[in-house]
Amino acid sequence: MYNILVTSAGGDIGGNIINILLKSRADGVKVFAADIKEHIFCENSADGFFTVPRTDAPVFGDIISDIVSKCSIDMIIPSSEIDIMWFAANRTRFSQAILINGDDILDTFFDKLKTAEVLEKLGIKSPDTRPLSGYTGDLGYPVIIKTRRTISGKGFFVVNCEAELSAVVKQIDTEKYIIQKYIGSSDGEYTTAVFGGGSITFKRKLTGGMTSYAGIAKIAELERYAAVLTEKFNITGSINVQTREADGVFYVFEINPRISSTVLIRDHFNFCDLRLWVNYAAGKTICSVPSESVPDKGTAVLGFVYNFFG
């Protein structure tokens, strides 16, 4: 028996992680869920569900420790950026395996300005990116203003003229934001999962911040980007590289150093980075992995269903 706790389980990433792990019940895996919400979609399918406070609550650590002890947890999978940051800062508090990347990867890719600087050094194309504080207006329009540190896509503005820029600057602390040249369009957006020396890319469409369409795309340049990043950072966990294509050039506009929202889609197509990462972190085979290779073609379309509570 191997017990896994997934935090922020009510989000799309957490819920997809649980759906994948539930496939391994026959392997002896038990899945426990924690979230700040009172009810989440997967609470009835998990082996246990716990409502917990936010990570900034003083009691958060003690409550997680109690769950870990009560449920004999062997591994913790934080699924949100906020959770990952908390567990990265509190690694030594737990003897259990924690499924997050190393500090070098987290420190670099949770910081969008550092990410842009590293990509330039590695020869990977990315949009021109500057600190917003002291910006002189040399990027033209449109531009994107977003938080320097990753916080689930919050703090994001598309700015089309000087008047809009002035209005946005008045609302925010410019020291915490970066400004980036707007590249291409959403019709040319791709997401690449990188793990274990391999990668899988989907051309995707977003609806309400979630991937509503994803189709497998074989693009040599994005495979090269993945290989360069793997070699530079010795990546042993899963990361997500987001790119846009413009005039035949692929620009990396963001890298998420975590399991991403297409994890269930790629697991369906036999790119099983979550299961393999669990096995790697556990030091043994916990989750069985299909032997079939990733197909050349495949598409996923998001549907909407409800779960009901009595």
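Use the structure listed above.
What this report covers is the structure whose coordinates are included nearby.

For the protein chain, the count of helices and strands is nine helices and 15 strands. Expected size for 310 residues packed as a compact globule is a radius of gyration near 19 Å; at 20 Å, the protein chain falls within 12% of this value. Principal-axis analysis of the C-alpha atoms places the extent of the protein chain at approximately 60 × 45 × 40 Å. The buried share among the 310 residues of the protein chain stands at 50%. Long-range contacts, defined here as pairs at least 24 residues apart, represent 61% of the contacts in the protein chain between residues at least 6 apart. Carbon together with sulfur atoms contributes 50% to the accessible area of the protein chain, which is approximately 14,800 Å² in total. Within the protein chain, the 36 negative side-chain charges are centred at a point lying 1 Å from the centre of the 32 positive side-chain charges.

The next point concerns the pairing of strand 11 (residues 198-207). Relative to strand 11, strand 10 (residues 189-195) runs antiparallel, the two sharing six bridges. Among the inter-strand pairings, Ala-193 is bridged to a residue of strand 11, identified as Ile-200. Hairpin geometry of strand 10 and strand 11 is characterised by an intervening segment of two residues between the two adjacent antiparallel strands and by a positive phi of about 60° at Gly-196. Bridge count between strand 11 and strand 12 (residues 210-216): six bridges; the pairing is antiparallel. Directly across from Lys-203, in strand 12, lies its bridge partner Gly-215. Counted between consecutive antiparallel strands, the loop separating strand 11 from strand 12 contains two residues, among which Gly-208 sits at a positive phi close to 60°.

Membership of the largest hydrophobic core comes to 36 residues, with the highest contact counts inside it found for Ile-4, Val-6, Leu-21, Ile-77, Ile-259, Leu-274 and Val-278. Here this core takes five residues from helix 1 (residues 12-21), the largest share from any one element. Other than its neighbours up to four places away in sequence, Leu-274 contacts Ile-17, Ile-20, Leu-21, Ile-77, Leu-99, Ile-259 and Val-263. One finds Phe-32, Ile-64, Trp-86 and Ile-98 within the second-largest nonpolar core, a separate group that totals 21 residues.

Below, the discussion takes up the sheet that holds strand 9 (residues 177-181). Taking strand neighbours across the sheet as the criterion, the four strands line up as 6-9-7-8 in an open arrangement whose pairing is antiparallel. Looking at which strands have only one partner, the edges of the open sheet turn out to be strand 6 (129-131) and strand 8 (156-159). The average undirected angle you get between the axes of adjacent strands in this sheet is 25°. Examined bridge by bridge, strand 7 (residues 143-147) and strand 8 share four bridges and lie antiparallel to one another.

Cut-off values and rules
- Residues numbered from 1 in each chain as written.
- Predicted model: local features only at pLDDT ≥ 70, side-chain atom pairs only at ≥ 80, totals over all residues.
- Heavy atoms only, no water.
- Helix = DSSP H or I, 4+ residues; strand = E, 2+ residues; numbered from the N terminus.
- Rg over C-alpha atoms; globule rule 2.2 N^0.38 Å.
- Buried < 20%, exposed > 50% of the residue type's maximum accessible area, 1.4 Å probe, protein only.
- Contact = heavy atoms within 4.5 Å.
- Areas by Shrake-Rupley, 256 points an atom, 1.4 Å probe, with all protein chains shown as cover.
- Lys, Arg positive; Asp, Glu negative; His and termini not counted.
- Charge placed at Lys NZ, Arg CZ, Asp CG, Glu CD.
- Pairing = 2+ DSSP bridges.
- Core = buried A, V, L, I, M, F, W, Y, C linked by side-chain atoms within 4.5 Å.
- Axes fitted to C-alpha atoms, helices over the stretch in contact; angles between N-to-C directions.

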